[in-house]
Amino acid sequence: MSALKVFVPRDATACALGADAVADSILAGAKGRGIEIELVRNGSRGAFWLEPLVEVETESGRMAFGPVALADVPGLFESGFPGPADHALGLGPVDGIDWLASQQRLTFYRSGWTDPLSLDDYTRMGGYKGLKRALDLSSQAIVDEVKESGLRGRGGAAFPTGIKWQTVLDTPAEQKYIVCNADEGDSGTFADRLLMESDPFQLIEGMTIAGLAVGATEGFIYLRSEYPHCRRVLEEAIARASQANWLGEDIQGSGKAFKLELRIGAGAYICGEETSLLDSLEGKRGLIRFKPPLPAIEGLLGKPTVVNNVLSLGAISTILAEGAGYYRDFGTGRSRGTLTVQLAGNVRRGGLVEIPFGATLRELVEGYGGGTASGRPVRAIQVGGPLGAYLPESQWDVTLNYGALTDIGGMLGHGGIVVFDDTVDMAQQARFAMEFCAVESCGKCTPCRVGSVRGVEVIDRIVANQDREFNLKVLDDLCETMDKGSLCAMGGLTPMPVRSALKHFPADFGA
Amino acid sequence: MNSSAVSLREIVDSAVAEHHGKIGTLMPVLHSVQEKLGFVPSESVPMLAQSLNLSRAEIQGVIGFYHDFRTSPAGEHLIQLCRAEACQAMGSRDLELHAKQRLGIDFGETTEDGRFTLEPVYCLGNCACAPSVRINDGIHARVSTGSFDQLIDDLEAQE
Ligand SMILES: Cc1cc2nc3c(=O)[nH]c(=O)nc-3n(C[C@H](O)[C@H](O)[C@H](O)COP(=O)(O)O)c2cc1C
Ligand code: SF4
Ligand code: FES
């Protein structure tokens, strides 16, 4: 009899919940009982509320148990695990868990099923099919395919990826670059991290295709330093892809070259903005550059550069493998592909949800999220990261797509959804938005650098009821100046959480 | 020349050699120096300037810009508390007060015995299981005041 395969995720959140200790204990428990198992550290499925989610391979599929704490392991074995087991944590077949089964996994198709570092697993589940196809296509044909797919950047600005690539392709230069923006600084977001930790070859493949599409032979992944697990996975994945000739001077004997380097940020939120990121990659302070020129024309070291988010580049593999139409047919209007959101904060069932566009915020938070973790009523939801609006209950029926959120004065951004219960003090949240801007401002323009510091002071005065009317006017003017006079969205959008908090939750400001 | 100056020179040289020829080599070099020493000593700045053909001001500017680079040694364990929104929603403000009290230090400070340095961090990507704390390279989820104390107790018990 061959060894039973047991899976324990290696993802950062699973590990933060004790997955390493659970894995060790399962190995020791099996050994002690003379049971032969093969332990695989798979990627997470993003159902973080069930982590550590342990799975066993059986003839009728993978049986899941979760969330498994270290203390649960002996009991698991006693109930028959890893064989047929009747245990309170048993969830049945993993693909029968409704929270997962009801999703439509396009980008996160392989997450959790594979060992993230196994190229065999990757190719067995359709990996490198897109690159193989791209190797036989002209650059223009690849760019056309991406244009037709309707893919929009997933980093926040939703710019059409194909058009960006066309600019880079059309700009003559002896050297061009592909840069993956893996700075994922928004609170409440972890989709990039999950993709990189659970399916890193998807990103590597996407970047390689991008290189072929625009004529770039060098690429960089700029990863934030706050992701140490992710760093280890990417280092190893790049090494393995290079060794197997999926990266390098002569990819699979095609004569085409692409090499990839991992770079680590240094704790600056602003380096997620693409021009600041490029300056940082050049070894400088991460100051925002004036645009134009666009990075697509003058990017890294002044050369034409594709800068794309992790999820945008990940989607490229699917688009090339299955065709533009396949991707485009998921989605509606200007929102193509799937909706990827992250349920975070005070939520009972937090994690990564990938579904067709069309669901409302309420459906997500109440349905998938199951309400708050604290059991108290939801009071405010921040969508789109620290620069996104705080939405009161009257706005939760908004459909989650790029247009609908903009229409109500918010933004979808990178898809972070942070839930707050009724103990939240919205004046403190507004104050924090200003404080965060002050801490993370690159310092290049006054409205942002100085305005944010003033903003904190003014909110404190309003809360303390000093010259209330006057200070409310000062705050409004300040927001107006930041909105209109900032060079980038850091200063420009900080008023969004501040104003939405003030508008919808005036009582918290002492009104 | 004393021995620590010699070894600093060696560390700088090996960091420079490791990343030789890379685009924007200063950042990876600073990371390497900090990984070895726990901080970027001010005496390394002129050495780096010379090796990388950059001005001291430029290097100082980069070190000052990024939150990660430190110019004085950190404690044995670097503790980073997430202060961002998802963690706030799960009580990180209280955790922050508690942690400062328990360790007797503020953000940016190191305990007198040199064991712990406390720092703020803005999101660790663990936002579905907040509040999050990073200790060295390990991340901890759903940290309560009680489990924070346990983590510190465990580290204090280690010798
Ligand atoms: C303050 C600020 C922070 C940003 N942070 C990120 C980030 O962490 N990750 C990201 O992909 N894009 C971020 N962006 C957007 C990038 O500037 C850029 O639009 C994106 O990387 C382009 O890739 P995409 O077209 O694939 O979305 C940020 C923008 C701003 C203004
Ligand atoms: S708005 Fe802020 S972050 Fe953006 S360029 Fe101006 S100072 Fe820098
Ligand atoms: S907000 Fe704290 S981990 Fe993301």
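This is a predicted model, so every value here is computed, not measured.

J.: Is there a simple way to think about the overall build of chain A in this case?
T.: For chain A, the count of helices and strands is 21 helices and 16 strands. Taking 24 Å as the expected radius of gyration for a compact globule of 511 residues, we find that chain A reaches 24 Å, a close match to that expectation. Once the C-alpha set of chain A is aligned to its principal axes, its extents read approximately 80 × 60 × 40 Å. Taking all 511 residues of chain A together, 61% fall into the buried category. Counting contacts in chain A only where the partners sit at least 6 residues apart, residues at least 24 apart contribute 70% of the total. Accessible area of chain A: about 18000 Å², with a carbon and sulfur share of 51%.

J.: How do you make sense of the overall build of chain B when you look at a structure like this?
T.: Of the regular secondary structure elements, chain B holds seven helices and four strands. When the elements of chain B are put in sequence order from the N terminus, they spell out α-α-α-α-β-α-α-β-β-β-α. Along the first, second and third principal axes, the C-alpha set of chain B runs to 50 × 35 × 25 Å. Counting all 159 residues of chain B, 52% fall into the buried class. Considering only contacts within chain B whose residues lie at least 6 apart along the sequence, 62% involve residues at least 24 apart. Summed over its atoms, the accessible surface of chain B is roughly 7200 Å², and 49% of this surface lies on carbon and sulfur atoms. For chain B, the separation between the mean place of its 12 positive charges and that of its 22 negative charges on side chains is 5 Å.

J.: Whenever I open this one, the interface of chain A and chain B confuses me. Can you help?
T.: Accessible area lost when the parts come together is the quantity often used to give the size of an interface. Listed as interface residues are 65 residues of chain A and, on the opposing side, 38 residues of chain B. The contact between chain A and chain B buries some 3800 Å² in all, and 57% of this surface belongs to carbon and sulfur atoms. Contact with chain B buries surface across chain A, with Ala 16, Ala 266 and Phe 432 of chain A losing the most and accounting together for 15% of the total. When the shortest N-O distance is used, the salt bridge between Glu 261 of chain A and Lys 22 of chain B registers 4.0 Å. Inspection of the region where chain A meets chain B yields 25 residue pairs in polar contact (both at pLDDT 80 or more). Class assignment for the residues of the side of chain A that touches chain B results in 32 nonpolar, 19 polar and 14 charged.

J.: Explain the pairing of strand E1 (residues 4-7) of chain A here, please?
T.: In regular strands, side chains alternate between the two faces of the sheet. Residues and elements named next belong to chain A. Summarising the sheet, E1 and strand E2 (residues 37-40) pair through four bridges and their orientation is parallel. Its bridge partner lying in E2, Val 6 is registered against Leu 39. Bridge count between E1 and strand E3 (residues 54-58): two bridges; the pairing is antiparallel. Looking across to E3, one finds that Val 6 is bridged to Val 56.

J.: Could you clarify how one ought to interpret the state of the cysteines in this entry?
T.: Residues and elements named next belong to chain B. Taken as a whole, this structure holds zero disulfides over all chains when the rule is applied. No disulfide involves Cys 129; its sulfur sits 9.5 Å from the nearest other cysteine sulfur, which is in Cys 127. In this structure Cys 129 comes out as buried when scored by relative accessible area, which is 1%.

J.: Any chance you could explain the site of ligand 2 here in plain terms?
T.: What surrounds ligand 2 is a group of 13 residues, the closest being Cys 442, Lys 444, Cys 445, Cys 448 and Cys 488 of chain A. Tallied by class, residues from the shell around ligand 2 come to eight nonpolar, four polar and one charged.

J.: Honestly, the side chain of Ser 452 of chain A in this entry has me stumped. Any pointers?
T.: Among the secondary structure elements, Ser 452 of chain A is positioned in helix H18 (residues 446-463). Within polar-contact distance, the side chain of Ser 452 of chain A engages the backbone oxygen of Arg 449 of chain A at 3.4 Å.

J.: Can you help me understand H18 of chain A in this one?
T.: Think of an α-helix as turning once every 3.6 residues; residues three or four places apart then point the same way. All names here are of chain A. In this model H18 runs 25 Å from its N-terminal to its C-terminal C-alpha over 18 residues, within 8% of the 26 Å that 1.5 Å per residue would give. In the structure, H18 departs most strongly from a straight axis at Ser 452, where the bend amounts to approximately 30°. All of the buried residues in H18 are Pro 447, Cys 448, Gly 451, Ser 452, Gly 455, Val 456, Val 458, Ile 459 and Ile 462. The inward-facing, buried residues of H18 abut helix H17 (426-440), helix H19 (468-485), helix H20 (489-493) and helix H21 (495-504). One or two steps after H18, the chain reaches Asn 465, where phi turns positive at roughly 65°.

J.: Even after reading the chapter, I still don't get the site of ligand 1, so can you show me in this structure?
T.: All names here are of chain A. Around ligand 1, 18 residues are found, and the nearest of them are Gly 155, Asn 181, Asn 308, Asn 309 and Ser 312. Side-chain polar atom of Lys 164 to an oxygen atom of ligand 1: 3.0 Å apart, as the coordinates give it. Here an oxygen atom of ligand 1 sits 2.9 Å away from a polar atom, N or O, in the side chain of Asn 181. Contact with the protein chains hides 89% of the accessible area of ligand 1, taken as 610 Å² for the molecule alone. Considering every element that reaches the shell around ligand 1, the biggest residue donor is strand E9 (residues 305-309), with three residues. The residue makeup of the shell around ligand 1, split by class, is four nonpolar, eight polar and six charged.

J.: Can you help me understand the packing of aromatic side chains in this one?
T.: To describe a pair of aromatic rings, you give the distance between the ring centres and the angle between the ring planes. For the structure on display, the rule yields 18 aromatic pairs over all chains. Ring geometry for Phe 65 of chain A and Phe 81 of chain A: centres 5.5 Å apart, planes at 90°, overall edge-to-face. In this pair, Phe 65 of chain A is assigned in strand E4 (residues 61-65) and Phe 81 of chain A in the loop between helix H3 (73-78) and strand E5 (90-93), connecting sequence segments 16 residues apart. The burial state of Phe 65 of chain A is the same as that of Phe 81 of chain A; both residues are buried. Seen in terms of ring centroids, Tyr 66 of chain B and Phe 69 of chain B are 6.0 Å apart; in terms of plane orientation they differ by 80°. Their pairing is edge-to-face. Here the two residues Tyr 66 of chain B and Phe 69 of chain B agree in accessibility, since each one is buried. The rings of Tyr 122, Tyr 128, Phe 201 and Trp 246 of chain A are connected pair by pair, giving a single aromatic cluster. Above the ring of Phe 7 of chain A, the side-chain terminus of Arg 62 of chain A is found at 3.6 Å from the ring centroid.

J.: Sorry if this is basic, but what is going on with the pattern of salt bridges here?
T.: Note that side chains of opposite charge can pair when their charged atoms are close. Residue and element names in this part refer to chain A. Applying the stated criterion across every chain, the model contains 45 salt bridges over all chains. The closest approach of N and O atoms between Asp 279 and Arg 289, which form a salt bridge, is 2.7 Å. Highlighted residues: Asp 279 in helix H12 (residues 274-281) and Arg 289 in the loop between H12 and E9, separated in sequence by 10 residues. Residues Asp 279 and Arg 289 agree in their burial class; the two are buried. A salt bridge links Glu 457 to Arg 454; its shortest N-O distance comes to 3.8 Å.

J.: How should the side chain of Thr 13 of chain A be read in this particular structure?
T.: Take Thr 13 of chain A: it is sitting in helix H1 (residues 12-16). For Thr 13 of chain A, a relative accessible area of 0% gives the class buried. In this structure the side chain of Thr 13 of chain A is engaged in a polar contact, spanning 2.6 Å, whose partner is the side chain of Asn 126 of chain B. Ignoring sequence-local partners within four residues, the contact set of Thr 13 of chain A consists of Phe 48 and Arg 193 of chain A together with Gly 125, Asn 126 and Cys 129 of chain B.

J.: Please clarify how the nonpolar core should be interpreted in this entry.
T.: In summary, soluble globular proteins display a tendency toward joint burial of nonpolar side chains. Residues Trp 165, Ile 221 and Leu 361 of chain A together with Tyr 66 of chain B are the most contacted members of the largest nonpolar core, which totals 187 residues. Here the element with the most residues in this core is helix H10 (residues 200-214) of chain A; it accounts for nine residues. Beyond its immediate sequence surroundings of up to four residues, Trp 165 of chain A is in contact with Val 143, Val 146, Ala 210, Ala 213, Val 214, Val 306, Asn 308, Leu 313 and Ile 316 of chain A. Formed by 18 residues, the second largest nonpolar core is a distinct cluster that contains Val 6, Val 68, Leu 76 and Phe 77 of chain A.

Definitions and limits used
- Residues numbered from 1 in each chain as written.
- Chains lettered and ligands numbered in written order.
- Predicted model: local features only at pLDDT ≥ 70, side-chain atom pairs only at ≥ 80, totals over all residues.
- Heavy atoms only, no water.
- Helix = DSSP H or I, 4+ residues; strand = E, 2+ residues; numbered from the N terminus.
- Rg over C-alpha atoms; globule rule 2.2 N^0.38 Å.
- Buried < 20%, exposed > 50% of the residue type's maximum accessible area, 1.4 Å probe, protein only.
- Contact = heavy atoms within 4.5 Å.
- Areas by Shrake-Rupley, 256 points an atom, 1.4 Å probe, with all protein chains shown as cover.
- Lys, Arg positive; Asp, Glu negative; His and termini not counted.
- Charge placed at Lys NZ, Arg CZ, Asp CG, Glu CD.
- Buried area = accessible area lost by both parts, 1.4 Å probe.
- Salt bridge = Lys/Arg side-chain N within 4 Å of Asp/Glu carboxyl O.
- Polar contact = N/O pair within 3.5 Å; in protein donor to acceptor, adjacent residues only side chain to side chain.
- Nonpolar A, V, L, I, M, F, W, Y, C, P; charged D, E, K, R; others polar.
- Pairing = 2+ DSSP bridges.
- Disulfide = S-S within 2.5 Å.
- Near = heavy atom within 4 Å.
- Expected span 1.5 Å × (residues − 1).
- Bend = angle between axes of the 7 residues up to and from the residue.
- Phe/Tyr/Trp six-rings, centres within 6.5 Å; stacked < 30°, edge-to-face > 60°.
- Lys NZ or Arg CZ within 6 Å of the ring centre and 35° of its normal.
- Core = buried A, V, L, I, M, F, W, Y, C linked by side-chain atoms within 4.5 Å.

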